[in-house]
Amino acid sequence: MWISGSAEMDGPAPAPLVVIDRLSVDYRTALGWDRVLHTVSLEIRPGETLGLVGESGSGKSTLGLQCLGWRRGLRRQAAALRVAGADLDRLDTAGLRRLRGRRIGFVPQNPTTALDPAWRVGDLIAEAVEVHGVARGAAARDRTARLLARVGLARPGVAQSFPHQLSGGQQQRVCIALALACDPDLVVLDEPTTGLDVTTQAQIVALLARLKAERLMAMLYITHDLGVIAALADRVAVMYAGHLAEVGDTVAVIGAPAHPYTRGLIASAPRIDGPPPGAAPLTGTLRRLALPPGCPFAPRCDHAAPGCAETAQRLAPAPQGSPGHRVACMRAAALAGDGDGRPAAARLRTEPSTFRDPVLTVSGLSVAYRPPGLLARRAVPVVRGAAFTIAAGEVLALVGESGSGKSTLARALIGLVPRAGGTVLLGREPLAPGDRARSPAQRRRLQYVFQNPDASLNPAATVGASLTRAARAAGRTGADLVAEALAAVQIDPGQAGRYPDELSGGQRQRVALARALIAEPDLILCDEILSALDVSVQAGVLALLARIRAERGLALLFITHDLAVVRGFADRVLVLFAGTIVQEAAAAALFAGARHPYAAALIAAAPRLVPAARPAPQPEPPPPPAPPAAAAGACVYLARCPHRRSVCGESPPPARPLPGGGMLRCHIPVDELAREAPDSRDGPGEARH
Amino acid sequence: MSLAEPAGRGRRPWSGALAIGATLLGMQVLLAVAGPFLAPYGATEMGAGPPLAGPSLAHPFGIDQLGRDVFSRVLHGGHVVLGLALSGTALGVAIGAVIGLLSGQAGGLADEIVQRGLEIFISVPFLVLALVAMVAVGPVASGHPLTVVGVVALIYAPRVARIARAAAREIALRDFVLVARLRGDGPLRRMWSEILPNARSVLLVEFALRASYAPILVGSLGFLGFGLRPPTPEWGLMIAENRALLLVSPWTVLGPGLALAVLVVGLNLFTDGLARRLGRHVDFGVG
Amino acid sequence: MFLRLIAGRVLQAAVTLVLISLLLFLALEVLPGDVATRVLGREATAEALEALRRTLRLDRPAPERYFLWLSGVLQGDLGTSLVSGRPVADILGPRVANTLFLSAYAFLLYLPLALVPAVVQAIRRGGWLDQALSVATLVLLAIPDFLLATLLLIGFAMTWPLFPSMSIVEPGTDFARMLRLTTLPALTLAIVMAVYALRMLRDQLIEVLQSEHIRAGELRGLPPGRLVWRHALPNALAPALNVTALNLAYLVGGVVVVEKVFSFPGFGTLLLDALQLRDLPVIEATVLMAAAIYIGANLLADLCAIALTPKLRDAR
């Protein structure tokens, strides 16, 4: 019996669509050949979705490209590389061209750069159809229209649009339509939702689930996000440093991971449905230049035995015994069923009872944006009347999608962006709207850490120099300051003489943190500081932040779009939509109790790892239009809210107090919303959005 | 046909550019400095041989119509061209860099005004501007080496300022400059500690790039008769002076021409190699 | 909205030109002190100096002189030549026409000279042909335009007299003869421009060929010919226009040198003569015209680039 999509069939399994047997790939570099894939063997059956998971540097994208026969800049060795019956290794260029786009489709990671900016998207799709001889002229245009409708872009005028006129999510739908244009047997998707909003991501995943159910089409879905795998993939393959670590049915691999790396991945991913007990997140980073001859994961593995680093690992049936589940770890049997004997990860949150005076008090804060140009145009409100407090030692999370105004709010607090109104108090002192008017003491007490670690350190200054300058500005002197600061963020003090480009992304972000900490602030504004980091690195930085905060009683305003982080780390949460705070609540209460419809939508859209409740494919809801500038008298969420009533368009909703503290802005009474709220552990099929 | 796939081994074609360029340049500098001492005849010494005589071992580039040995004149002229070119460029780059960096960091109205001002100078074709400047300084100053240096600087400063401003603006937007601002560093301090160190490679390459065209600019002025006055052995001037003898004794023109070309090739290679080493990209020409 | 953009740019250009005229006036008539002495030299007699001062209206204050001159220019009166006494517009007209002919011819020759090697180099990047062409370009770059012109003159007008050595154009010269007279100077200009542009074009083409959307097209199975012609080149047009605009900067100045070498009666030689003789009205008019042509050509290139780039069209 074999499983395809949502159907189970009897009879002998049909021949696999993709056969990869002992494939090795080397890339040419300035220093010679670099092995990126090591004798990988995989199969994909017709109609099956295989998820390919790994962090950056694992070789997953390379493997995806090999399914299209890519040859440029590399050399390949394979016992077999067959897709749809064709031998990709031996096929000539013309033959490859016939296959690509016709029998094998590809959805790239970045849709914006993948679409020709000088072509209308409808023409691009029609071209794909015509070049492969599937249809011509009017028939091609017809097919284009149907494809666009199928991917949720039925709105008239889309086909005539240029790529830059579409949003990121719409561009990715166009890329999916392009990949499907000629009805391929296999579609390779290379991290198609990275860089998209969490709500957009959920929509794309729902679209793919629907397409999968409608067509007998195999998919190779490459991602670093386990949650998406759980939602889409029948089987999953885990890769590490070019080796296949584990492969098997999704349920088996995620429910009972056999390889220590898989376990670490699962534990590292901040999960909205809570971490499994006893799981330890990943530590360290992948060092491609220092891989041992045996198991590549050995340097980072908590369970490595002396022989692991020397012995080459081979795929063997996993101890838990589900069919097809194989793992490349010689210690798998020893580790099976072990839980793993380590104590549960320390809870990242501290108890709220110890919070004292407010460190930051904000009331009526508004920020407006004046479009540039000589013609005086009206200012657009970006943040409307925000009001909240942060107590000493508290972590307040600020959550919202891109464009919600969260970064603008933070920049207004730090004084980089002018205020249109409102007051901000640091302790008891009012903060001037502009940073230039603030006192050195105020600057020291309020620190800011930026999102992008590549841009936040001066590339021409050593780590030590940057830290020294920060210390001096804060009025601190001393010989050991730099060493102390680096040690506090778990960086070897010997690295002080290095330049930022010699450090990894995670290390740079730690240095940025150290720079903020060296001033001994009361409050740090963290502006999406984890978004640019790999999943496995994020967990480490978050744990560090939790520890430092506990040690120093530091308050944080933590801006993020990742609700899973909020659940595990924050004390209270502010939910921001179109510049308005629609809910303020204790973190636990948000996930368990009454919630604003937008907060409900965010929670429902967050990917989950528990694969049990596989969502039934639903007709996809029409994509929400861009929120229009809310009329002065209406609720900002009106356009998207599934519960809207007539009163919502007439007057702004009142701020209703919540039983456990906090407030919620909605016309619907709180207890009604509390009844609506399902248990947040359920899959995305449950809450309507 | 494969698209943009390296047809060769993928080795970068100019790995030796910096070395070759530096060598050529080094030789030129040596010759420029030592030339006047090595030259068999003086720069203005007439009667070195029969006028219009062709090339020979004693006179590799022949004799011009005034009886001067062209080869010696070329050797004497090395330091003239090199000196004028390099000092004019240095002056232009220094002025341009200061204006550009300050303007780029300041932003706002001041920046806009400076940009408009620079645009005026850049919008007049450079050779035309140079010629007009030469005439505008009056008959006494025109023909003086310092005037030539000043004119070269006048041509280059606005262009360098534009590049420096673009670099400053791009750097000023990066988060680490914001961090410096948030901790209370003033604009001058930020310019010095954060922006300038990151603009160093841009400015260095600009200098090399402009310096590589400067000999041609100086030569053009000399050729047109608006550069240094005769009997200075400036190569462009020599080419103009000896043009009439082309059919009779072409080496009197080719000699200085070759010298100029070798100098510029050396400068170009050096600039290209330097740019690659610093990870930057250059487009030759005045621009 | 495109019209609004054009209007804005034209306005900007006009302002720049006015500012240039101010700069010119200051440089030539205000700063140098006694203009009359400058023009006539130190040996001039007192009466000659007086006469000149009256002609130039030097008794009036400078701002008034400037506005008189500027309003004259805007109405088409470019002043009178100090040397020949004829209206400047009459002198300038035919010279500009000649130079425009020469420039157009040079541009037509430049296009294949630049584009063909650029495309070849881009497609065969890294190969021996690419490297050979790069070396050749580097060497040619080092030859100053005046030297190149002189060499071509010896080569093709003297040694092998294929073309006349002096390009004297009389009014009424027919088209065929015009072509013969202008071939060598146009060729010189074309070679210089092509050599400067080649590197930039090659790099831009390579960048377009390596862009992500081309790779995405390959992965869709689009044939290479189609990718180059329908997807790469259209995206390369806008940056290529930019390169062309840069070349125009060179062209307007380069004609000066080339016209001198070939004795071609264009506005380059006019300018040189006027500068030698300190014929201020002619200098001012010619420089202003040069700037106007340069700014106009740049503006055109800019607008074409915007018209060709869908993203920029919508940006305003």
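Residues numbered from 1 in each chain as written. Chains lettered and ligands numbered in written order. Predicted model: local features only at pLDDT ≥ 70, side-chain atom pairs only at ≥ 80, totals over all residues.

K.L.:
What exactly am I supposed to notice about the overall build of chain C here?
P.N.:
For chain C, the helix and strand inventory stands at 13 helices and zero strands. Each helix (α) and strand (β) of chain C, taken in turn from the N terminus, gives the series α-α-α-α-α-α-α-α-α-α-α-α-α. Judged by the C-alpha coordinates and their principal axes, chain C covers about 85 × 55 × 35 Å. For chain C, buried positions account for 44% of its 316 residues. (Helix = DSSP H or I, 4+ residues; strand = E, 2+ residues; numbered from the N terminus. Buried ≥ 20, exposed ≤ 12 C-beta atoms within 10 Å, placed from the backbone.)

K.L.:
I tried to follow the overall build of chain A on my own but got confused; where do I start?
P.N.:
When its secondary structure is counted, chain A shows 21 helices and 27 strands. Looking at chain A as a whole, 50% of its 689 residues are labelled buried. Intrachain contacts of chain A at a sequence separation of at least 6 include 68% that bridge at least 24 residues. (Contact = placed C-beta atoms within 7 Å.)

K.L.:
Help me understand the domain arrangement of chain A, please; the structure alone is not making it clear to me.
P.N.:
Reports of interface size often rely on the accessible area that becomes lost once the parts have come together. Residues and elements named next belong to chain A. Under the domain assignment, chain A is made up of domain 1 (2-103 + 184-335), domain 2 (352-578) and domain 3 (592-688). Using only C-alpha atoms to locate each centre, domain 1 and domain 2 end up separated by 37 Å. Between domain 1 and domain 2, the residue contacts involve 16 residues of the former and 17 residues of the latter. Elements represented by at least two residues in the side of domain 1 that touches domain 2 include exactly helix 7 (198-214) and helix 10 (260-268). For the side of domain 1 that touches domain 2, the residue count by class is seven nonpolar, six polar and three charged. (Domains from an automatic or database assignment. Nonpolar A, V, L, I, M, F, W, Y, C, P; charged D, E, K, R; others polar.)

K.L.:
Would you mind showing me how to read the environment of A:Pro653 here?
P.N.:
Residues and elements named next belong to chain A. Within the secondary structure, proline 653 sits in the loop between helix 20 (597-605) and strand 26 (655-657). On the basis of neighbour count, proline 653 is assigned to the buried category, with 20 C-beta atoms found within 10 Å. On a C-alpha basis, the gap between proline 653 and alanine 634 in space is 7.6 Å, while along the polypeptide they are 19 residues apart. Discounting chain neighbours no more than four positions away, the residues touching proline 653 are Cys635, Arg665, Cys666 and His667.

K.L.:
Honestly, the nonpolar core in this entry has me stumped. Any pointers?
P.N.:
Most often, soluble globular proteins keep nonpolar side chains buried together rather than apart. Grouped together as the largest cluster of nonpolar side chains are 398 residues, with contacts concentrated most on A:Leu220 and A:Leu557. It is helix 10 (residues 224-262) of chain C that provides the largest number of residues to this core, a total of 20 residues. Not counting residues up to four positions away in its chain, the partners in contact with A:Leu220 are A:Ile44, A:Leu50, A:Leu52, A:Gly64, A:Cys67, A:Leu186, A:Val188 and A:Leu189. (Core = buried A, V, L, I, M, F, W, Y, C linked by C-beta atoms within 7 Å.)

K.L.:
In this structure, what is going on with the interface of chain B and chain C? I would like to understand it.
P.N.:
Counting residues at the interface gives 43 residues for chain B, matched by 57 residues for chain C. Only helix 3 (108-123), helix 4 (126-136), helix 8 (187-224) and helix 10 (251-277) of chain B provide two or more residues apiece to the side of chain B that touches chain C. Broken down by class, the residue content of the side of chain B that touches chain C amounts to 30 nonpolar, ten polar and three charged.

K.L.:
Sorry, what's going on with the domain arrangement of chain C here?
P.N.:
All names here are of chain C. Each domain of chain C was delimited in the assignment, giving domain 1 (2-74) and domain 2 (88-315). When each unit is reduced to the centre of its C-alpha atoms, the spacing between domain 1 and domain 2 is 31 Å. With 13 residues of domain 1 at the interface, the matching set in domain 2 holds 13 residues. At the level of secondary structure, the elements contributing two or more residues to the side of domain 1 that touches domain 2 comprise helix 1 (2-30) and helix 2 (35-40). Here the side of domain 1 that touches domain 2 takes eleven residues from helix 1, the largest share from any one element.

K.L.:
Help me out: how do you make sense of helix 4 (residues 121-131) of chain A in this one?
P.N.:
One turn of an α-helix holds 3.6 residues; hence residues three or four places apart share an orientation. Residue and element names in this part refer to chain A. Buried residues dominate helix 4, accounting for nine of its eleven residues. Taken together, the buried positions of helix 4 are occupied by Val121, Gly122, Leu124, Ile125, Ala126, Glu127, Ala128, Val129 and Val131. Where helix 4 is buried, its residues meet helix 5 (137-150) and helix 6 (168-180). Immediately downstream of helix 4, the backbone of glycine 133 shows phi near 70°, a positive value.

K.L.:
Help me out: how do you make sense of the interface of chain B and chain A in this one?
P.N.:
Contact residues are listed per partner, giving 14 residues for chain B and 18 residues for chain A. The set of elements that each furnish at least two residues to the side of chain B that touches chain A consists of helix 7 (175-182) and helix 8 of chain B. Top element by residues in the side of chain B that touches chain A is helix 7 of chain B. It accounts for six residues. Classifying every residue of the side of chain B that touches chain A by side-chain character gives five nonpolar, three polar and six charged.

K.L.:
Explain the sheet that holds strand 15 (residues 326-327) of chain A to me, please; I cannot follow it from the model alone.
P.N.:
Working definition: the strands of a sheet are paired by backbone hydrogen bonds and lie parallel or antiparallel to each other. Residue and element names in this part refer to chain A. Taken in spatial order, the eight strands of this open sheet run 9-10-11-5-12-13-15-14, and their pairing is mixed. The open sheet terminates on both sides in strands that have one partner only, identified here as strand 9 (104-107) and strand 14 (316-317). Summarising the sheet, strand 9 and strand 10 (residues 186-190) pair through four bridges and their orientation is parallel. Its bridge partner being in strand 10, phenylalanine 106 is matched across the sheet by valine 188. (Pairing = 2+ DSSP bridges.)

K.L.:
Where do I start with the pairing of strand 23 (residues 555-560) of chain A in this structure?
P.N.:
Each regular strand shows side chains that alternate between the opposite faces of the sheet. Residues and elements named next belong to chain A. Judged by how many residues are buried, strand 23 sits mostly within the fold: six of six residues are covered. Residues of strand 23 alternate between two faces, with Ala555, Leu557 and Ile559 on one and Leu556, Phe558 and Thr560 on the opposite face, all of them buried. Across five bridges, strand 18 (residues 395-399) lies against strand 23 in parallel orientation. Bridge pairing in strand 23 links valine 399 to threonine 560. Pairing geometry for strand 22 (residues 523-527) and strand 23, over five bridges, is parallel. By the bridge assignment for strand 23, leucine 525 is matched with leucine 557. Read as a crossover between parallel neighbours, the route from strand 22 over helix 17 (residues 535-552) to strand 23 is right-handed. (Right-handed = clockwise from strand over helix to strand, strands pointing away.)

K.L.:
Any chance you could explain the packing of helix 14 (residues 463-473) of chain A against helix 16 (residues 505-517) of chain A here in plain terms?
P.N.:
When two helices pack together, their arrangement is given by the angle between the helix axes and the distance between those axes. Residues and elements named next belong to chain A. Relative orientation of the contacting elements helix 14 and helix 16 amounts to 25°, with a least axis distance of 8 Å. With respect to their mutual orientation, helix 14 and helix 16 come out roughly parallel. Relative to helix 16, the crossing made by helix 14 is right-handed. Packed against helix 14, whose contacting residues are Val463, Ser466, Leu467 and Ala470, the element helix 16 presents Val511, Ala514 and Arg515 at the interface. Of the residues in the contact of helix 14 with helix 16, the class split is five nonpolar, one polar and one charged. (Axes fitted to C-alpha atoms, helices over the stretch in contact; angles between N-to-C directions. Parallel < 35°, antiparallel > 145°, perpendicular 65-115°, else oblique. Left-handed = near helix turned anticlockwise from the far one by under 90°.)

K.L.:
I would appreciate a short explanation of the sheet that holds strand 21 (residues 446-449) of chain A in the present structure.
P.N.:
All names here are of chain A. Pairing is mixed in the open sheet, where eight strands are placed in the order 21-22-23-18-24-25-27-26. Because the sheet does not close on itself, it has two edges, and the strands there are strand 21 and strand 26. Averaged over neighbouring strand pairs, the angle between their axes works out to 20° when direction is ignored. The sheet contacts of helix 12 (residues 406-414) involve strand 18, strand 21, strand 22, strand 23 and strand 24 (572-577), and relative to strand 22 the element is tilted by about 150°.

K.L.:
I keep staring at the packing of helix 5 (residues 88-123) of chain C against helix 11 (residues 267-277) of chain C and nothing clicks. Help me out?
P.N.:
Residue and element names in this part refer to chain C. Packing of helix 5 against helix 11 leaves a shortest axis separation of 8 Å and a crossing angle of 135°. The angle between helix 5 and helix 11 falls in the class oblique. Residues Ile91, Leu92, Arg95, Val96 and Thr99 of helix 5 form the contact with helix 11, whose own contacting residues are Phe267, Gly268 and Leu270. For the contact of helix 5 with helix 11, a count of residues per class yields five nonpolar, two polar and one charged.

K.L.:
Looking at this model, I keep getting lost on unusual backbone geometry. Mind explaining?
P.N.:
Note on backbone geometry: most residues besides glycine have negative phi, and most peptide bonds are trans. A cis amide bond links B:Pro230 to the next residue, B:Pro231, at an omega of 5°. One can find B:Pro231 in the loop between helix 8 and helix 9 (235-241). In this structure, A:Gln490 takes a positive phi of about 60° despite not being glycine. Within the secondary structure, A:Gln490 is located in the loop between helix 15 (481-488) and helix 16. Residue classification places A:Gln490 among the partly exposed positions, given that 15 C-beta atoms sit within 10 Å.

K.L.:
I would appreciate a short explanation of the confidence of the model for chain C in the present structure.
P.N.:
When pLDDT drops low, the exact placement of atoms in the prediction is not to be read closely. Residue and element names in this part refer to chain C. In the predicted model, chain C carries a mean pLDDT of 84, and the fraction of residues at 70 or more is 94%. Element-level mean pLDDT values for chain C span from 68 in helix 2 up to 93 in helix 9 (residues 212-219). Of the two predicted TM-score estimates for the complex, the pTM is 0.77 and the ipTM is 0.85. (pLDDT = per-residue confidence, 0-100.)

K.L.:
In this structure, what is going on with the confidence of the model for chain A? I would like to understand it.
P.N.:
Residues and elements named next belong to chain A. Averaged over every residue, the pLDDT of chain A is 83; the share at 70 or more is 87%. The model gives residues 340-347 a pLDDT under 50, and that stretch makes ten contacts with residues more than four places away or in other chains. Every residue in residues 611-629 is under pLDDT 50, and counting partners more than four places away or in other chains gives 28 contacts.

K.L.:
How should I be thinking about helix 6 (residues 145-172) of chain B in this particular structure?
P.N.:
Residue and element names in this part refer to chain B. Along its 28 residues, helix 6 runs 38 Å from first to last C-alpha, staying within 8% of the 40 Å computed at 1.5 Å per residue. The largest bend in helix 6 is about 30°, located at tyrosine 156, with the proline proline 158 one to four residues further on. Here helix 6 lies mainly inside the structure; 21 of its 28 residues are buried. (Expected span 1.5 Å × (residues − 1). Bend = angle between axes of the 7 residues up to and from the residue.)

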